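Structure assessment
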Amino acid sequence: MSRRPVGIFDSGLGGLSVAREVHDDLPAEDLLYLADTAYLPYGDRSAEWVRGRTLAAGRWLEEEGAKVLVVACNTASAAALETLREHLAIPVVGLEPAVKPAAAATRNGRVGVLATAGTVRSARLQRLVESYAQGREVVLQGCPGLADAIEDGVLSGPELRARLEPYLEPLRRAGVDTVVLGCTHYVFVRDAIAAGLGPDVRLLDSGEAVARQTARVLEEQGLRETAGAGSIRFLTTGSAAEVGPVVARLWGAPLAVEEVAIPADPSQRPKAPMP
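This text gives an overview of the structure that appears in the document.

About the thresholds
Each chain has its residues counted from 1, following the order in which its sequence is written. Where totals are concerned, whole chains, interfaces and linings use all residues; where local detail is concerned, this predicted model gives features only for residues with pLDDT of at least 70, and gives and counts side-chain atom pairs only at 80 or more. By convention in this description, side-chain values take in all heavy atoms of the structure and omit both hydrogens and water. A run of H or I in DSSP counts as a helix once it spans at least four residues, and a run of E counts as a strand once it spans at least two, with each numbered from the N terminus. The size measure is the radius of gyration over C-alpha atoms, and the globule rule it meets is 2.2 Å times the number of residues to the 0.38 power. Summary of the burial criterion: residues with accessible area below 20% of their type's maximum are buried, those above 50% are exposed, and those between are partly exposed, where the area comes from a 1.4 Å probe applied to protein chains only. One side-chain nitrogen of Lys or Arg within 4 Å of one carboxyl oxygen of Asp or Glu is enough to make a salt bridge.

The next subject is the overall build of the protein. Counting secondary structure elements, the protein contains 11 helices and 10 strands. Here the C-alpha radius of gyration of the protein, 18 Å, is about what a compact globule of 275 residues would show, namely 19 Å. Each principal axis of the C-alpha atoms in the protein carries an extent, and together these give about 55 × 45 × 35 Å. Counting over 275 residues, the protein shows a buried share of 55%.

So, in structure tokens, the structure goes:
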């Protein structure tokens, strides 16, 4: 059988943090990463819109030969995992905020979750809290605009600190000792978040768990590659010229960026072009 890639999907570039974990755990696998940057942000969209757009992207990656789909986006996972599993023929690995391990790790019983507005209001996150955070206080903190800023390359410095402050202050005030990074983008500003919360606060994300689950699924399906060095192919629905420099910075090395068009239904419109 010819090599088939692991498909990885995100609304933007945050999923590269998950792709890095998958690459580290499965170095022989080829990765096919699709960033729907023409349509981000997803966090402020309706669940119905996100569900339709994610399904369109998943179908496209399946048609491109992906043998498994990793949804490296908390907002898309919260809205569309069940729909993807119903309509796609390939296995789907989703992402969810690390509420369960955070509830187990907290020392004082107070946990914070930083996430997009879409994830914060999702029924999936509410179910996680109800199932695993019993007896713990969980502070859900939406972070409007933070993922967009990271997409634009705001990864350090005074501007990032100013953007983070209104989201971190409620968590400090609540006295949380464990914080879940509930958006893949936030991993790339982990150090700044840690500095803003203080040395006694532990940060958790889901990247390693997703990589382990992807490995398990490939093993179970008899699809895991073990020989050779895997490649990564990066695709964007937006502008390669705009995305390319940020991809290189986040990945730590230049990557070729290809532009692709994913069909959308009439209710889905790309974001307005940058002035």
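Applying the stated rule across the entire model yields 15 salt bridges. A salt bridge links D177 to R107, with the shortest nitrogen-to-oxygen separation between them at 3.9 Å. On the criterion of sequence distance, the pair formed by D177 in the loop between α8 (157-174) and β7 (178-181) and R107 in the loop between α4 (99-105) and β5 (110-115) is long-range, its members being 70 residues apart. By relative accessible area, D177 is classed as buried at 5%. R107 gets classed as exposed once you look at its relative accessible area, which sits at 60%.

Mapping R161 onto the fold places it in helix α8. Residues R161 and V68, spaced 93 residues apart in sequence, show a C-alpha to C-alpha distance of 37 Å.

The values are spatial; any link to function lies outside them.
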